[in-house]
Amino acid sequence: MHNKSVASSENQMSAPPLRYDWSTGEILKIYELPLLDLLYKAHTVHKKCNNNSKMQLASLLNIKTGSCPEDCKYCSQSAHYAKTTNLKSEKLMELDSVIKQARIAKSKGAARFCIGAAWRNIPDDKSFQTVLKIVKEIRSLKMEACATLGMLNESQAKDLAEAGLTAYNHNLDTSPEFYGKIISTRKYADRLKTIENVRSAGITVCSGGIIGLGETKIDRIGLIKSLAKLKPHPESIPINTLVPIKGTPLEQNKPVRPIDLVRLIATTRIVMPKSRIRLSAGRSNLSEEAQVMCFFAGANSIFYGEKLLTTENNIEDEDLKLLEDIGIEHE
Ligand code: SAM
Ligand code: DTB
Ligand code: SF4
């Protein structure tokens with residue numbers, strides 16, 4: 001049904017060089033282009049550097065829920081807001097139940113399985129041994145394995161690398177300037193250190209952010225600038241829009257306009273041409289058309305599965321149908 005797209009003159013341009021020294025002014029200039037020019041430019045870069053007819057489907061499972069000692073103001077799992085969020089905490093899941101979910105995700109077409117735990121940092125006890133076993137088993141299913149378990153040290157990063165972990169997710173979340181308004185229990189520098197430990201162990205880096213926290217346009221640019229300073233750029237960049245959680249300090253925040261999300265994705269694509277951009281939390285609030293605009297702007301990965309960590313995600317069959325209808329294959 002879908003014709004192979006035709007090569008057009010704009011695609012004769014060569015792939016742009018990767019840069020790690022973007023200034024705020026340069027990124028702002030891109031972000032503020034007339035929207036259609038921005039989209040045109042972003043898609044041109046995307047088509048040059050990536051296969052624009054492929055989408056990565058990543059499944060997510062929260063293997064340890066709630067009671068997190070951190071105070072991230074957006075999060076349902078922080079112990080600081082537990083009295084008002086009423087989230088039920090759960091201890092670390094058993095290996096077998098996790099692997100059962102990974103198998104199901106694989107049978108539905110997911111290429112990557114991500115596990116999340118509401119920890120400030122990875123504990124050095126039996127739980128870490130369980131996590132290592134989980135990672136090994138996911139890899140033996142021939143799936144990519146990703147984990148997001150809070151801060152980690154050099155030796156834990158090495159152990160995860162040995163277990164076969166493909167990627168570690170640790171977000172910068174926002175600009176260094178705005179960060180302190182959202183999280184006080186962990187510093188921006190701590191996040192950079194964890195990312196450095198992940199990189200040094202040879203695990204690929206998944207790091208992105210979240211918008212809709214009350215940040216300014218310049219903070220969004222600051223997030224992109226900080227991510228782009230990482231050398232190499234993160235292999236995956238999740239872009240989350242706030243899912244307002246009742247009982248957290250940000251529950252009344254104004255929703256992000258989809259057009260602003262599209263602008264951010266397009267700008268991220270131009271600044272980090274080869275990274276995988278994952279359209280992450282908040283996707284279930286987008287219309288199909290808004291999602292397609294995000295894909296055109298350069299998003300080439302989504303969370304696939306009816307639950308994120310504690311909130312609802314899009315319906316799987318609807319995702320598959322949308323991709324089919326627009327002629328995008330999943331990897
Ligand atoms: N506890 C680990 C950590 O923070 O490093 C891992 C999981 S944490 C939930 C991963 C990311 O999910 C956060 O950095 C944030 O960007 C995103 N996130 C968390 N709660 C969210 C919400 N309510 N809406 C949108 N994104 C959210
Ligand atoms: C990321 O950047 N987004 C995902 C994943 N990494 C772990 C988490 C989204 C969480 C959305 C809110 C929730 O379900 O609790
Ligand atoms: Fe804890 Fe992660 Fe939630 Fe922050 S985002 S409170 S670190 S689970």
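Below or above, wherever it landed, is the structure these notes cover. Everything numeric in this text was worked out from a predicted model, so none of it was measured.

Describing helix 10 (residues 258-271)
Because the α-helix completes a turn every 3.6 residues, residues three or four places apart line up on one side.
Next, step 1: Over its 14 residues, helix 10 extends 20 Å from the first C-alpha to the last, a length consistent with the 20 Å expected when each residue adds 1.5 Å.
Next, step 2: Counted residue by residue, helix 10 has 11 buried out of 14 residues, so it is predominantly covered.
Next, step 3: All of the buried residues in helix 10 are Leu-261, Val-262, Arg-263, Leu-264, Ile-265, Ala-266, Thr-267, Thr-268, Arg-269, Ile-270 and Val-271.

A closer look at the site of ligand 1
Next, step 1: Residues in close proximity to ligand 1 total 17 residues, the closest being Tyr-74, Thr-148, Asn-171, Asp-173 and Val-243.
Next, step 2: Between ligand 1 and Val-243, the relevant distance is 2.9 Å, taken from a nitrogen atom to a main-chain nitrogen or oxygen of the residue.
Next, step 3: Here ligand 1 loses 89% of its free accessible area of 560 Å² to cover by the protein chains.
Next, step 4: Here the residues of the shell around ligand 1 sort into nine nonpolar, six polar and two charged.

With respect to the packing of aromatic side chains
Next, step 1: This model, assessed by the stated rule, comprises one aromatic pair.
Next, step 2: Between Tyr-179 and Tyr-188, the ring centres sit 5.2 Å apart and the planes meet at 80 degrees, which makes this aromatic pair edge-to-face. Of the two residues, Tyr-179 and Tyr-188, neither departs from the other in class, the shared state being buried.
Next, step 3: Geometry around Trp-22 places Arg-19 over its ring, the cationic atom sitting 4.2 Å from the centre.
Next, step 4: The ring of Phe-303 carries the charged tip of Arg-278 above its face, separated from the ring centre by 5.4 Å.

Each value, and the rule that gives it
Residues numbered from 1 in each chain as written. Chains lettered and ligands numbered in written order. Predicted model: local features only at pLDDT ≥ 70, side-chain atom pairs only at ≥ 80, totals over all residues. Heavy atoms only, no water. Helix = DSSP H or I, 4+ residues; strand = E, 2+ residues; numbered from the N terminus. Expected span 1.5 Å × (residues − 1). Buried < 20%, exposed > 50% of the residue type's maximum accessible area, 1.4 Å probe, protein only. Near = heavy atom within 4 Å. Polar contact = N/O pair within 3.5 Å; in protein donor to acceptor, adjacent residues only side chain to side chain. Areas by Shrake-Rupley, 256 points an atom, 1.4 Å probe, with all protein chains shown as cover. Nonpolar A, V, L, I, M, F, W, Y, C, P; charged D, E, K, R; others polar. Phe/Tyr/Trp six-rings, centres within 6.5 Å; stacked < 30°, edge-to-face > 60°. Lys NZ or Arg CZ within 6 Å of the ring centre and 35° of its normal.

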